[in-house]
Amino acid sequence: MPSELLDDCFEHNRDSLRHDEALELLKERIRPAVGVEPVALDQAHGRILAQQVRAPRPVPAFDNSAMDGFAFAHADYVRLGGRMPVSARIAAGHASAGPLEPGTAARIFTGAVMPQGADTVAMQEDVRLEEDGGGRTAIIPAGLKAGANRRRAGEDLAEGTLLLEPGVRLRPQELAAIASTGAAKVDCYRQLKIAILSTGDEILRPGAPYQPGRVYDSNFYMLRALLEATGVSTTDLGVIADRPQAVRTALEEAAAGHDAIITSGGASRGEEDHVVTAVEKLGHLHMWQLAIKPGRPVSFGQVGKSLFFGLPGNPVAAMVCYLLYVRPVLIRRGGGDWPVPHRFPLPADFDMDKKAGRREFVRGMVRPGKDGRASAAKYPRDGSGLISSLRAADGLIEIAEEVERIRPGDPVSFIPFSELGIG
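Residues numbered from 1 in each chain as written. Predicted model: local features only at pLDDT ≥ 70, side-chain atom pairs only at ≥ 80, totals over all residues. Heavy atoms only, no water.

Trainee: Could you give me a rundown of the overall build of the chain, with the residues and numbers involved?
Mentor: When you go through the chain residue by residue, the secondary structure sums to 8 helices and 28 strands. Computed over C-alpha atoms, the radius of gyration of the chain comes to 30 Å, more than 25% over the 22 Å expected from 2.2 N^0.38 for 423 residues, which places it beyond the range of a compact globule. Here the C-alpha coordinates of the chain stretch approximately 100 × 55 × 45 Å along the principal axes. Sorting the 423 residues of the chain into buried and exposed places 45% on the buried side. By element, 50% of the accessible surface of the chain is carried by carbon and sulfur atoms, the whole surface being about 20500 Å². The centroid of the 50 positive side-chain charges in the chain is displaced by 1 Å from the centroid of its 54 negative side-chain charges. (Helix = DSSP H or I, 4+ residues; strand = E, 2+ residues; numbered from the N terminus. Rg over C-alpha atoms; globule rule 2.2 N^0.38 Å. Buried < 20%, exposed > 50% of the residue type's maximum accessible area, 1.4 Å probe, protein only. Areas by Shrake-Rupley, 256 points an atom, 1.4 Å probe, with all protein chains shown as cover. Lys, Arg positive; Asp, Glu negative; His and termini not counted. Charge placed at Lys NZ, Arg CZ, Asp CG, Glu CD.)

Given below as structure tokens:
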């Protein structure tokens, strides 16, 4: 499929989608759709790489000392019984003045170039120095192996080694690898621009005086933080009143300058829910029924060239659906590799009965057991409006469709929030 979305990108022919089916459909149909720009290395943390990175030279580029000490030829060390005059001094950042005199040692510092003829370094704390007629002799204890404390050229990377492929999100480790090649800039995909839209006459933004019958907009702050953790830029479009034209105008303006629009709540077909109608008139909308808990109803669509995601209004359902479905779509759309979170098998530390045919994602915590083994504990309450459960949880406990009962000790899959982009 080309980078431009097809009108039926999110269309499917099932009344209800299982979790794996939903992910497979999204993975199959979503492709990168952003440009490339050079980014200074000190600004590239969290960005998605758009080029291959190869080592232009060996890393390290030369044999060097792994620590402060004395460098020498191991054969001379054996032949002379560890007594060698000190004939040179080599500091880091300076090329060796020339070959090491046979039968001698060089005072050397961490990272300094190994002199020609030397192959071993003794740590300075193991060496005793004797003054000898204006010179110094290094007394090196026996038992040192040839090549000790020497870093060989190319032992980290050989010249031409492929370090990174496009689609990788740049962590501190990747930045270090790129910096080791000498590159000051790297080509990255442009960050997606995401509009966040809150709708509803009942919604108040924090800071406004409380009014009976209205609620503060917790989802906006949660979603913006989740989006920023995904590595995209966000625009707050504020709270839109429950008026058809206001909603339609807001969506049109958002689509004109953003790669995606995200709303939460107000996505049903009630008399005061105008988002669904507006998206259908302006573009295409597909309301998915997912066989999961929490978060069964989710809307996917597009307005112009902008993706549209309508998330449930309950905070737990909104966060879970964002992490499971919207986050991987945005990462892939922004040029990244489709993320697959690692799941860790743990014994359950709870009782639970569930409905067959539905996959559940339970807020959970890792707890140390009496025998030293970790176990997965379930948050004691299940409501999808309980922000307290998100705060208490370390991650999600995933329970497959065919499972109907969980008893203590049964194996479950635990997905840490860190695997879903939440540090």
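After that view, the rundown keeps rolling.
Trainee: Give a description of the pairing of strand β5 (residues 83–90) that names residues and reports values.
Mentor: Bridge analysis of β5 against strand β9 (residues 135–139) gives 3 bridges, and the strand direction is antiparallel. Each bridged residue has a counterpart across the sheet, and for M84 the counterpart in β9 is A138. Summarising the sheet, β5 and strand β6 (residues 105–108) pair through 4 bridges and their orientation is parallel. When the bridges of β6 are listed, R89 appears paired with R107. (Pairing = 2+ DSSP bridges.)

Trainee: Give a detailed account of the side chain of T120, specifying residues and quantitative values.
Mentor: Take T120: it is sitting in strand β7 (residues 120–123). Overall, the relative accessible area of 0% leaves T120 in the buried class. Separated by 2.8 Å, the side chains of T120 and D119 make a polar contact. What T120 contacts, discounting residues up to four positions off in sequence, is F70, A71, F72, H74, M114, L144, K145, A146, G147 and A148. (Polar contact = N/O pair within 3.5 Å; in protein donor to acceptor, adjacent residues only side chain to side chain. Contact = heavy atoms within 4.5 Å.)

Trainee: Can you break down the sheet that holds strand β4 (residues 69–72) residue by residue, with the values?
Mentor: Overall, mixed pairing links the 6 strands, which are arranged β7-β4-β6-β5-β9-β8 in an open sheet. At either margin of the open sheet sits one strand with a lone partner, and together these are β7 and β8 (128–132). Geometrically, the sheet is characterised by an average inter-axis angle of 40 degrees between neighbouring strands, direction not taken into account. Of the pairings in the sheet, the one linking β8 to β9 comprises 5 bridges and is antiparallel in character. (Axes fitted to C-alpha atoms, helices over the stretch in contact; angles between N-to-C directions.)

Trainee: Describe empty space enclosed by the protein, and please don't skip the residues or the numbers.
Mentor: Enumeration over the complete set of coordinates arrives at 2 cavities of 30 Å³ or more. Of the volumes computed, that of the largest cavity is approximately 80 Å³. In terms of lining, the largest cavity is formed by 14 residues, of which the most central are I48, Q191, L192, G231 and G334. Residues that form the lining of the largest cavity fall into these classes: 6 nonpolar, 5 polar and 3 charged. (1 Å grid on protein atoms, 1.4 Å probe; cavity = no way out; pocket = protein on both sides within 12 Å on 5 of 7 lines; lining within 4 Å. Points joined across faces, edges and corners; volume = space filled by probe spheres on them. Nonpolar A, V, L, I, M, F, W, Y, C, P; charged D, E, K, R; others polar.)

Trainee: Outline the packing of helix α4 (residues 218–230) against helix α7 (residues 315–333), listing residues and values.
Mentor: Look at α4 against α7: their axes get within 11 Å of each other, and the N-to-C directions meet at 30 degrees. Taken together, α4 and α7 sit at an angle that is classed as roughly parallel. When you trace α4 past α7, the crossing you get is right-handed. Taken together, the residues of α7 that come into contact with α4 (itself represented by S218, N219, M222, L223, L226, L227 and T230) are P315, A318, M319, Y322, L323, R327, L330 and I331. By residue class, the composition of the contact of α4 with α7 is 11 nonpolar, 3 polar and 1 charged. (Parallel < 35°, antiparallel > 145°, perpendicular 65-115°, else oblique. Left-handed = near helix turned anticlockwise from the far one by under 90°.)

Trainee: I'd like a rundown of the layout of surface pockets, residues and numbers included.
Mentor: Put simply, the largest pocket is a space of about 500 Å³. Around the largest pocket, the lining is made up of 21 residues, and of these R169, R171, R327, I331 and P339 lie nearest the centre. Tallied by class, residues from the lining of the largest pocket come to 9 nonpolar, 7 polar and 5 charged.

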